[in-house]
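Residue-level structure breakdown
Letter by letter, the chains look like this.
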Amino acid sequence: MATIKDVARLAGVGLGTASRAINGSGPVSPATLEKVQKAIEALDFRPSHAARALLSGSSKMVGVYIPALSGTFYTPILQIIDTQLRAAGLHMVVAFGVGLGDDRRQAIEGIEFLVERGCDGLIVMTSALGEDDIAALGSRVARLVALNHSFASIPEQCFTVDHELGGRLAARTLLEHGHRQIAVIAGPQALPDNVARIEGCKAELAAHDIDPAGLWLQWSDFSPAGGWACARALIADGRPCSALFCANDEMAVGALSYFQEAGIRVPQDLSVLGYDDTPSAEFSAPRLSSVRMPWRQMTLNGINALLNLCYDLGRPVARDFPVTVTLRASVARLPS
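What follows covers the overall build of the protein. The number of helices and strands found in the protein is 13 helices and eleven strands. Its C-alpha atoms give the protein a radius of gyration of 26 Å, more than 25% over the compact-globule value 20 Å for 336 residues. Taken along its principal axes, the extent of the C-alpha atoms in the protein is 90 × 40 × 40 Å. Residues classed as buried in the protein amount to 46% of the 336 residues present. Of all intrachain contacts in the protein linking residues separated by at least 6 positions in sequence, the fraction that spans at least 24 positions is 68%. Counting only carbon and sulfur atoms, one obtains 53% of the accessible surface of the protein, whose full area is about 16,200 Å². Of the side-chain charges in the protein, 29 are positive and 34 negative, and the distance between the mean point of each set is 8 Å.

A separate point is unusual backbone geometry. Omega for the bond connecting Val266 with Pro267 falls within 30 degrees of zero, at 10 degrees, which places this linkage in the cis form. With respect to the helices and strands, Pro267 occurs in the loop between α11 (249-262) and β9 (271-276). Cis geometry marks the peptide bond from Ala285 to Pro286; its omega dihedral reads -5 degrees. Its location among the elements puts Pro286 in the loop between α12 (279-282) and β10 (289-292). Residues other than glycine seldom take positive phi values, yet Asp44 does so here, at roughly 50 degrees. Among the secondary structure elements, Asp44 is positioned in the loop between α3 (30-43) and α4 (49-56).

Right, let's get into the pattern of salt bridges. Under the defined criterion, the tally for this structure stands at 13 salt bridges. A salt bridge links Arg319 to Glu156; the nearest nitrogen and oxygen atoms lie 3.4 Å apart. Here Arg319 is found in the loop between α13 (295-311) and β11 (324-326), whereas its partner Glu156 is found in the loop between β4 (144-147) and β5 (158-159), with 163 residues between them in sequence. For Arg319, a relative accessible area of 39% puts it in the partly exposed group. The exposed category is assigned to Glu156, whose relative accessible area is 53%. The salt bridge partner of Asp277 is Arg292, with a shortest N-O separation of 2.9 Å. Taken together, the positions of Asp277 in the loop between β9 and α12 and Arg292 in strand β10 put the pair 15 residues apart, joining distant regions of the chain. The class for Asp277 is buried, based on a relative accessible area of 9%.

What follows concerns a nonpolar patch on the surface. A surface patch of nonpolar side chains, about 270 Å² in accessible area, is lined by Leu69, Phe96 and Val98. In this fold, Leu69 is placed in the loop between β1 (61-66) and α5 (74-87). Overall, the relative accessible area of 52% leaves Leu69 in the exposed class.

Take the environment of Asp211 next. You can see Asp211 is positioned in the loop between α9 (192-207) and β7 (216-219). Judged by its relative accessible area of 53%, Asp211 falls in the exposed class. At 3.0 Å, the side chain of Asp211 and the backbone nitrogen of Ala213 are in polar contact.

Reading the values: rules and limits
- Residues numbered from 1 in each chain as written.
- Predicted model: local features only at pLDDT ≥ 70, side-chain atom pairs only at ≥ 80, totals over all residues.
- Heavy atoms only, no water.
- Helix = DSSP H or I, 4+ residues; strand = E, 2+ residues; numbered from the N terminus.
- Rg over C-alpha atoms; globule rule 2.2 N^0.38 Å.
- Buried < 20%, exposed > 50% of the residue type's maximum accessible area, 1.4 Å probe, protein only.
- Contact = heavy atoms within 4.5 Å.
- Areas by Shrake-Rupley, 256 points an atom, 1.4 Å probe, with all protein chains shown as cover.
- Lys, Arg positive; Asp, Glu negative; His and termini not counted.
- Charge placed at Lys NZ, Arg CZ, Asp CG, Glu CD.
- Salt bridge = Lys/Arg side-chain N within 4 Å of Asp/Glu carboxyl O.
- Patch = residues over 30% accessible without salt bridge, like charges linked within 9 Å, V, L, I, M, F, W, Y side chains within 5 Å.
- Polar contact = N/O pair within 3.5 Å; in protein donor to acceptor, adjacent residues only side chain to side chain.

Set out below in structure tokens:
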């Protein structure tokens, strides 16, 4: 495989001149540039990524850490990140939670992997890290943004949404449709954003004289299988309810599947409301009503902030991401 030294030798120029011509990093006369280009074509030279990084001082890579490479939640976010980075001439390197350690250890190891690969900056989506872990990154923390989580030490580098408001809107939507006997399938108790949406839901119910202590609530794992199992438990318990709030769309889709198999009509017999408004919500049967999190806006602005930190691009950055509710076929007004 030809090297930059071969190109310089064939073109009859110095190594520094060949480097400037290949990378566009300095002045080169038109005649010299033409000689270098002809040498590149003759040798079929392709500069390695490592060589470019060494010459430019930038890898042109951005590392992304996510807890799991599965489901319908992270995939659209990764697609947004990759599309935006490619448009900026950059590349995405992804690490996700694997290994024998707990969530925190997996996140630390994933971030270490990205740092070792020479990524210029990091996008992190995890609630497993604490302030001590952020401080341990040292100077690297200056080129990090967090999505869907906040760290007190780097507030301007955090991009998240108001999950407590999301939970309130979920309860408010069902109440406005006449439902007062409401069941809840929650996500993992260790996730702050999940806890916030559940607490928001409880607070809104309490504001309408519904005792949250009497709420049928089961904690699950954000998976369709978890939604299926909890829906089955709800029916087996025989608890009267006219509406079910699921703390993410994947559990809601699992619940819908169980209700269909059990002969429970949605929304005629039971209304179901999801959370996130992922693509699966629009194409479930029936089409799922869901609390809409503005993930795209949050992600785009997080990317802009990181590119500003890493490459001084001066891109606009917004921080207010309104939460709304998308009503589809799975929620109906309770007959009076």
